[in-house]
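# Examination of the molecular architecture
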Amino acid sequence: MHEQSSGNPENTPQAIPAAETTTPAIDPGCPICHSPKWWSRKPLLLYGERVCKKCYYHLANCRQLAFFLDLILLTIVNTVAKQAVSYASFDFPISPNSDRFANLFTKLLVLLLFSCKDGFTGQSPGKLLTGVQVIESRTLRPISFALSFRRNIPILAIYVSSILLPFFEATSKLVDITPLICFILLLYMANQLNRGPRWGDKLAGTMVIWKKYAHRPPFDDRGILCKECGYNLTGNVSGKCPECGNAITSHNVSI
């Protein structure tokens, strides 16, 4: 015969509070590099999503380096074009004014080519070397030459104005300070890179991504790609990526 439990409350099993049974939330780390030590006192937002300090500044530094590499290439192409015009003038003598306008045409043509530099699958030579890529914000596809031109309109406007100002007497006083104005504007645009979009990206609806992590937030927020290997998870109900075996996170499920 079983003994009945006494009415002593000390012997009665107590229910464990719900708060103690709840599994503590696991910090997934930086959404880009998955580093566990990523939380900084100051929120560092890249395209509106908080990331670690390393990723935040790495992408901006790569973009700046890519720009300067492209600028060096532009200078080389411009120098070669000038030499070609000079050699042509020896065979076909032209007036000083014609020579001046020929150089102007050459500079504008080189700038036009420079503005379309990101149309090669979203990567200019500088971006190819630094591992970044320009894509459409809506479709996440590499941009075309037309979008490359549109996103580089602000930079194009800065350089074109510095070239054309000496041709107008009314703006002759601005010629001496034009390099300083251009430098300030370019410096401000460089400061925009930390947060992601700059003037041109907002104008063209584009974004610059770290190509190595193109499938991870904040570059891809569709939630249909594995954040570990980039495999397309559309229609997957197994809870694991069939490519790498990584668990499908709540981010992938909720979107």
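These lines cover the structure that appears in this document, whether it is placed above or below. Note that this is a predicted model, so its numbers are computed, not measured. (Residues numbered from 1 in each chain as written. Predicted model: local features only at pLDDT ≥ 70, side-chain atom pairs only at ≥ 80, totals over all residues. Heavy atoms only, no water.)

Let's shift gears to the pairing of strand β3 (residues 132–136). Burial analysis of β3 places four of its five residues in the buried class, the great majority of the element. As paired strands, β3 and strand β4 (residues 206–210) are joined by five bridges and run antiparallel to one another. Within β4, the residue paired with E136 across the bridge is T206. (Buried < 20%, exposed > 50% of the residue type's maximum accessible area, 1.4 Å probe, protein only. Helix = DSSP H or I, 4+ residues; strand = E, 2+ residues; numbered from the N terminus. Pairing = 2+ DSSP bridges.)

Attention now goes to a nonpolar patch on the surface. Residues F105, L109, L112, L113, F149, I153 and L203 make up a contiguous nonpolar surface patch of about 650 Å² in total accessible area. Ranked by the residues each element gives to the nonpolar patch, the list is headed by helix α3 (residues 96–115), at four residues. Among the structural elements, L109 can be located in helix α3. For L109, a relative accessible area of 41% puts it in the partly exposed group. (Patch = residues over 30% accessible without salt bridge, like charges linked within 9 Å, V, L, I, M, F, W, Y side chains within 5 Å. Areas by Shrake-Rupley, 256 points an atom, 1.4 Å probe, with all protein chains shown as cover. Salt bridge = Lys/Arg side-chain N within 4 Å of Asp/Glu carboxyl O.)

For R50, the location among the structural elements is in strand β2 (residues 49–50). According to the relative accessible area criterion, R50 is buried, its value standing at 19%. Non-local contacts of R50, meaning those with residues more than four positions away in its chain, are made with P31, W38, W39, S40, R41, K42, P43, L44 and L45. (Contact = heavy atoms within 4.5 Å.)

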